[in-house]
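Structure at a glance
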Amino acid sequence: MPGAKENATVALEEQVPVINFSLGKGDWIVERAHKYGGKVIATVVNEKHARSAASIGVDALMATGHEAAAHGGDVTSLCLVPALASKFPDLPIICAGGIGDGRGLAAMLSLGADAVAMGSRLATTVESPLAHNVKEAVVSRSESDTIYGKNFDGLYARVMRTDAGVAAMKRPMNPVSAAIKAFSAAQLVKLPMWKVIPGLLTQWDKMYQLSLFGAATEKLMAATIDGNLDQGVQFIGQSQGLINDIPTVDVLLNRVVQEAYESHQKLNSKWQQ
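Reference entry: report on the structure contained in this document. Predicted model, so just to flag it, every value in this text is computed and none were measured.

Okay, the sheet that holds strand β3 (residues 60–64) next. Read across the sheet, 5 strands follow the order β1-β2-β3-β4-β5 without closing on themselves; strand pairing throughout is parallel. Bordering the open sheet on either side are β1 (18–21) and β5 (115–117), each of which pairs with just one other strand. Across the sheet, the mean angle from the axis of one strand to that of its neighbour is 25 degrees, orientation sign disregarded. Bridge analysis of strand β2 (residues 39–44) against β3 gives 4 bridges, and the strand direction is parallel. Bridge pairing links Ala42 to Leu61 in β3. Sheet contacts for helix α3 (residues 47–55): β2 and β3; angle to β2, the most-contacted strand, approximately 160 degrees. Against the sheet, helix α4 (residues 77–87) engages β2, β3 and β4 (93–96), with an angle of about 170 degrees to β4.

Next up, the structure:
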């Protein structure tokens, strides 16, 4: 992904204590982070990815289910979490995808997760930099108002169902537009033009992917920063249907923990019956 290696390098130079990576080899990240005592979490969507991550010494796995925003896999959290928990008992498992409240936290802990990540839920809080009208759009939509496909940025991803989202997922970018977007994407990550032109001729697949990322970045920024859902596209998970308000992070996390405790108590009472 454009700029990813540079961003990771900055994080390592600043000795960020916990780094999460995905969509690429992270052995060099693990090696450098461990030298200063940092921890590294690998985002995975299947057993193959998990085994690769475990082999390079990651400290935890972020198991990202089909329900998740952006680049979730084709296996749901309900199946992915217990499968990975059984196969990698020595690695902490963090579940991402479909968790919007304390009931989800309690469920994933029961399935073998050690923690959960709630990207969509935390994005819809007071402190989140997400555009306010997009937060309101999340609250107003249901779990069915998302689209999953690969035509937006070249990888299977889940976005909010809007007219712009539907259009972005409808068909892949044509070659002419892709070439133009490749130049824009290159400028975005400060890639010299002399490297772009040969790439278009000899590494079309990679340059086409770069162009998709470039076009996607423009649309994502339009939505997340500018709040323009008419032209922008917003990553969002199916947990959107569980989001009914815009609380502070403190209120949200305390509520989630309380809900999880209550869910645990309710389940205990059912077993006792």
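Read on for the rest.
So, about the nonpolar core. Counting 33 residues, the largest nonpolar core has Ile29, Val44, Val58, Leu61 and Leu84 as its most contacted members. Considering each element in turn, this core owes the most residues, 4 residues, to α4. Ranked by size, the runner-up nonpolar core spans 12 residues in total, among them Phe152, Val159, Ala168 and Ala216.

Let us now look at the packing of aromatic side chains. The relative placement of two aromatic rings is captured by the distance of their centres and the angle of their planes. Tallied over the full model, the rule gives 2 aromatic pairs. Aromatic side chains Tyr148 and Tyr156 sit 5.7 Å apart centroid to centroid with 20 degrees between the ring planes, which places their arrangement in the stacked category. Residue Tyr148 is classed as partly exposed on the basis of its relative accessible area, which comes to 27%. For Tyr156, a relative accessible area of 46% gives the class partly exposed. Each ring, one from Phe152 and one from Phe235, has its centre 5.9 Å from the other, and the planes form 80 degrees; the classification is edge-to-face. One end of the pair, Phe152, is in the loop between β6 (146–149) and β7 (157–160); the other, Phe235, is in the loop between α11 (204–224) and α12 (249–272), with 83 residues separating them in the sequence.

Turning our attention to the pairing of β3. Counting buried positions over the 5 residues of β3 gives 5, a clear majority of the element. Residues of β3 alternate between two faces, with Ala60, Met62 and Thr64 on one and Leu61 and Ala63 on the opposite face, all of them buried. Traced from β2 through α3 to β3, the parallel crossover comes out right-handed. Pairing of β3 with β4, which is carried by 4 bridges, proceeds in the parallel orientation. Paired with Met62 across the bridge in β4 is Ile94. Following the chain from β3 across α4 to the adjacent parallel β4, one finds a crossover that is right-handed.

Counting across every chain of the model gives 5 salt bridges. Residue Glu47 is joined to Arg51 by a salt bridge in which the shortest nitrogen-to-oxygen separation is 2.8 Å. Note that Glu47 and Arg51 are positioned in helix α3 at a spacing of 4 residues, about one turn of the helix. Across the salt bridge formed by Asp101 and Arg103, the nearest N and O atoms sit 2.7 Å from each other. The class for Arg103 is exposed, based on a relative accessible area of 54%. The network of salt bridges with shared partners includes Glu47, Arg51 and Lys87.

Geometrically, a packed helix pair is captured by the angle between its two axes and the distance between the axes. Closest axis-to-axis distance for the helix α5 (residues 102–111)/α12 pair is 7 Å, and the angle between their directions is 55 degrees. By the angle between their axes, α5 is oblique relative to α12. Seen from above, α5 lies across α12 with right-handed handedness. Here Gly102, Arg103, Leu105 and Ala106 of α5 lie close against α12, whose contacting residues are Val256, Glu259, Ala260 and Ser263. In terms of residue class, the contact of α5 with α12 is built from 4 nonpolar, 2 polar and 2 charged.

Quick notes on the rules
Residues numbered from 1 in each chain as written. Predicted model: local features only at pLDDT ≥ 70, side-chain atom pairs only at ≥ 80, totals over all residues. Heavy atoms only, no water. Pairing = 2+ DSSP bridges. Helix = DSSP H or I, 4+ residues; strand = E, 2+ residues; numbered from the N terminus. Axes fitted to C-alpha atoms, helices over the stretch in contact; angles between N-to-C directions. Contact = heavy atoms within 4.5 Å. Core = buried A, V, L, I, M, F, W, Y, C linked by side-chain atoms within 4.5 Å. Buried < 20%, exposed > 50% of the residue type's maximum accessible area, 1.4 Å probe, protein only. Phe/Tyr/Trp six-rings, centres within 6.5 Å; stacked < 30°, edge-to-face > 60°. Right-handed = clockwise from strand over helix to strand, strands pointing away. Salt bridge = Lys/Arg side-chain N within 4 Å of Asp/Glu carboxyl O. Parallel < 35°, antiparallel > 145°, perpendicular 65-115°, else oblique. Left-handed = near helix turned anticlockwise from the far one by under 90°. Nonpolar A, V, L, I, M, F, W, Y, C, P; charged D, E, K, R; others polar.

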